[in-house]
Amino acid sequence: EMTFLHTLANLLSSNLGRVKILKSIEKSKIASLIKSMTECVIMLDEKGLPEIINPAAAQLFQLQNTDNMDQKNLSSLLKNLGILSLYEKVAHTGEPLVNHEVSYEGRFLSLNIAPVADNEQNILGTVLVIRDFSELQKSERIKSQRLEAIKRVDLIIQSISDLHGL
């Protein structure tokens, strides 16, 4: 009877070890994927502590040491972006925020904030995905300015044409 319990305990321990290894491998795969993304990604745990800050986010926000970023520094960053209350709302309600536009140091950003949940819909954390669309915004502004200039030239040509009719 003791041998059976001992064998059962060994099997359970072995299986738990395998599950732990698989979980670690999956977490590593996700971290690698996030770090290779061109969008800025910040993943927070359920307590609001940073788990992953990818290189794109570190570069955009000029973060030197993302491994030692604490909740106070992260809150300060979110406050500077003007999105701390938005993050807190998503973390509290579990309702995602999609394509919210913010301006940060002359840059135009599109922000998505979404809860990360398990199969039972328990909130495990929050992910912020930030896309810098400053260049697109700049080209749209140039295009708009060109169209405005063309309209003005058309009005000038129209008024010159009207003068010939007098």
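Just so you know, these numbers come straight off a predicted model, no measurement behind them.

Caption draft 1: A look at a nonpolar patch on the surface. Taken together, the side chains of Met2, Phe4, Leu5 and Leu8 define a hydrophobic patch exposed on the protein surface, amounting to about 470 Å² of accessible area. Tracing the chain through its elements places Leu8 in helix α1 (residues 2-36).

Caption draft 2: Up close: the nonpolar core. The biggest cluster of nonpolar side chains holds 27 residues, and the ones touching the most others in it are Ile42, Phe61, Ile83 and Leu128. For this core, the secondary structure elements donating two or more residues are β1 (40-45), α2 (55-60), α3 (71-81), α4 (84-93), β3 (97-104), β4 (107-117) and β5 (123-132). When sequence neighbours within four positions are dropped, the list of residues in contact with Ile83 reads Leu78, Val102, Leu111 and Leu128. By size, the runner-up hydrophobic cluster in this structure holds six residues, among which are Ala31, Val41, Met43 and Ile52.

Caption draft 3: Region of interest: α4. For α4, the set of buried residues is Leu84, Leu86, Tyr87 and Val90. For α4, the buried positions fall inside an angular range of 165° around the axis, keeping them on one side. Counted as exposed and oriented over 90 degrees from the buried face of α4: Ser85, Lys89 and His92. For α4, the secondary structure elements touched by its buried residues are β1, α3, β3, β4 and β5. Just past α4, the residue Gly94 takes up positive phi, approximately 80°.

Caption draft 4: Broad picture of the pairing of β4. Across six bridges, β3 lies against β4 in antiparallel orientation. Each bridged residue has a counterpart across the sheet, and for Val102 the counterpart in β4 is Leu109. Remark: two residues form the turn of the hairpin made by β3 and β4, two consecutive strands paired antiparallel; Glu105 in that turn has positive phi of roughly 50°. Here nine bridges tie β4 to β5, and the two strands are oriented antiparallel to one another. Its bridge partner being in β5, Val116 is matched across the sheet by Gly125.

What counts and what doesn't
- Residues numbered from 1 in each chain as written.
- Predicted model: local features only at pLDDT ≥ 70, side-chain atom pairs only at ≥ 80, totals over all residues.
- Heavy atoms only, no water.
- Patch = residues over 30% accessible without salt bridge, like charges linked within 9 Å, V, L, I, M, F, W, Y side chains within 5 Å.
- Areas by Shrake-Rupley, 256 points an atom, 1.4 Å probe, with all protein chains shown as cover.
- Salt bridge = Lys/Arg side-chain N within 4 Å of Asp/Glu carboxyl O.
- Helix = DSSP H or I, 4+ residues; strand = E, 2+ residues; numbered from the N terminus.
- Core = buried A, V, L, I, M, F, W, Y, C linked by side-chain atoms within 4.5 Å.
- Buried < 20%, exposed > 50% of the residue type's maximum accessible area, 1.4 Å probe, protein only.
- Contact = heavy atoms within 4.5 Å.
- Arc of directions from axis to C-beta.
- Pairing = 2+ DSSP bridges.

Any functional reading would require information beyond the geometric quantities listed.
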